[in-house]
Structures are given as C-alpha cells and as structure tokens.
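Survey of secondary and tertiary structure
One-letter residues, chain by chain:
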Amino acid sequence: GRTLARAGQHARALPALERALAACDDADTWSIHALELGATSLRALGRSAQALELVQSALALAPKRADTRFLAALLALDVGLLPEAEAGFNACLTLTPTTHAAESAASASSWAALYNLGVIYECSSRPSEAAAHYERALQACPGHAPSLLGLERLTGAARRASTHSPADALTSRAPQRP
C-alpha cells in the first residue's frame, strides 16, 4: 500500500493499506503510519471528510505524533473547520518530531505548521498574525516559496491600502465637469 500511495495510485493503495492495518496491532508504529497513508490517499481522492474521521480516530493512539496531528489539522482546513485546524497546527508546534523510521516529516512540528497558520490568519483577516507566522516559517525554512508569497501578498495589500485612501477612490471616480 505504501508504494502505491507514494506512486499516486491512491485508489489501489486503499485496499492494500486496509489489509496491512488488519494485520497490525494498534500499538505498532507502522499501523499509525499506514492509517496516515490511507488518509492521505482519501484526501487525494477528494474524500477529506472521511480522511479526517479516520485520522481523528487515531489521535488517541498517537497523541504526541506530529505527523498525525498535522494531518488532522490539514484535513480540518480542507473541510473548512478553521478553529480545529488552527488548534491542530498550534498543537503541532508543541511537539517534537519522533525519530523512528515511520516518521515522515519533521516539518509537521515546524515550518509547515507555521505556514498553514499563516494561511489561516491571512484568510481570517488577521494580517499581522499571518505575517508573523510566515516570517517564523521562513526562519525555520529559509526560502520557503509559499511563505514568501504570503508575505508578498500581505505587504502588497498594505502598500496599496496606504497609498490610496477611501476618499481618493471616491474622487477618482467622480464625474468630470467640463
């Protein structure tokens, strides 16, 4: 299942991952990773709500696993649960990546969570919080293009707002008299 999921063959990966999960004990590290792969495949197939239910059921089995928390937050963001996504990404920042072989991304407790919080704050009209999180993401991952673009959007919007007052917009549209 892992090979199929990594190859983007998500529909074929799901049955293989289900068989692998059936053979695992809940305490096995691989079982959590297989569950995450299954949820990622569901997400790729446009089934984020189902994937979120699956991942939420695993949170109790891996409460300190950053990857699982990150995936739950990302899926919450996909389905529009912004408060849950925000809380999830913030929880990721309190965790440290594990070092066992099934850990897939140290970024889950670092720049990726910070970037996603920046997106949430930007979309929630909280530009100063968004900028702060994009900047923190860039400190952890210099050159991260999406964080740079986020800052550019925020600074570009601020420049446009500061160079034109609402009164300017009204007077520029006023009809001219001969």
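Structure first, text after, so check above.
The text that follows walks through the structure, step by step, so that each part is easy to find. What you are looking at is a predicted structure, and each value in this text was computed from that prediction instead of being measured.

Two measures define how a pair of helices packs: the angle their axes make with one another and the distance between the axes. Running from N to C, helix α5 (residues 66-78) and helix α6 (residues 82-93) point in directions that differ by 160 degrees, and their axes come no closer than 8 Å. Considering the angle they form, α5 stands roughly antiparallel to α6. Handedness of the α5/α6 crossing: left-handed. On α6, the residues touching A66, R69, F70, A73, L74, A76 and L77 of α5 are L82, E84, A85, G88, F89, A91 and C92. Looking at the contact of α5 with α6 residue by residue, the classes come out as eleven nonpolar, one polar and two charged.

Before going further, it helps to examine unusual backbone geometry. Positive phi, close to 60 degrees, is recorded for S125, a residue that is not glycine. Residue class for S125 comes out exposed when judged on its relative accessible area of 65%.

Another point: the pattern of salt bridges. If you walk through the whole model with that rule in mind, you get six salt bridges. Linking R126 and E86 is a salt bridge whose minimum nitrogen-to-oxygen distance equals 3.4 Å. Here R126, found in the loop between α7 (111-123) and α8 (127-140), pairs with E86, found in helix α6; they are 40 residues apart in sequence, far enough to count as distant. Across the pair R126 and E129 runs a salt bridge whose closest N-O atoms are separated by 2.9 Å. It is possible to trace a salt-bridge network through shared partners that takes in E36, R65 and D67.

Next up on the list: the packing of aromatic side chains. The full count for this structure, using the stated rule, is two aromatic pairs. A centroid spacing of 5.8 Å and a plane angle of 35 degrees characterise the contact between Y115 and Y134, whose relative ring orientation is tilted. With a gap of 19 residues between them, Y115 in helix α7 and Y134 in helix α8 connect regions that are remote in the sequence. Residue classification places Y134 among the buried positions, given a relative accessible area of 0%.

Between helix α4 (residues 48-58) and α5, whose axes approach to 9 Å, the crossing angle comes to 150 degrees. Here α5 runs roughly antiparallel to α4, going by the angle between their axes. Helix-helix and strand crossings are classified by hand; for α4 and α5 the assignment is left-handed. Within the contact between the two elements, α4 uses S48, A51, L52 and V55 and α5 uses T68, L71, A72, L75, A76 and D78. Each residue belonging to the contact of α4 with α5 can be placed in one class, and the counts come to seven nonpolar, two polar and one charged.

Each value, and the rule that gives it
Residues numbered from 1 in each chain as written. Predicted model: local features only at pLDDT ≥ 70, side-chain atom pairs only at ≥ 80, totals over all residues. Heavy atoms only, no water. Axes fitted to C-alpha atoms, helices over the stretch in contact; angles between N-to-C directions. Helix = DSSP H or I, 4+ residues; strand = E, 2+ residues; numbered from the N terminus. Parallel < 35°, antiparallel > 145°, perpendicular 65-115°, else oblique. Left-handed = near helix turned anticlockwise from the far one by under 90°. Contact = heavy atoms within 4.5 Å. Nonpolar A, V, L, I, M, F, W, Y, C, P; charged D, E, K, R; others polar. Buried < 20%, exposed > 50% of the residue type's maximum accessible area, 1.4 Å probe, protein only. Salt bridge = Lys/Arg side-chain N within 4 Å of Asp/Glu carboxyl O. Phe/Tyr/Trp six-rings, centres within 6.5 Å; stacked < 30°, edge-to-face > 60°.

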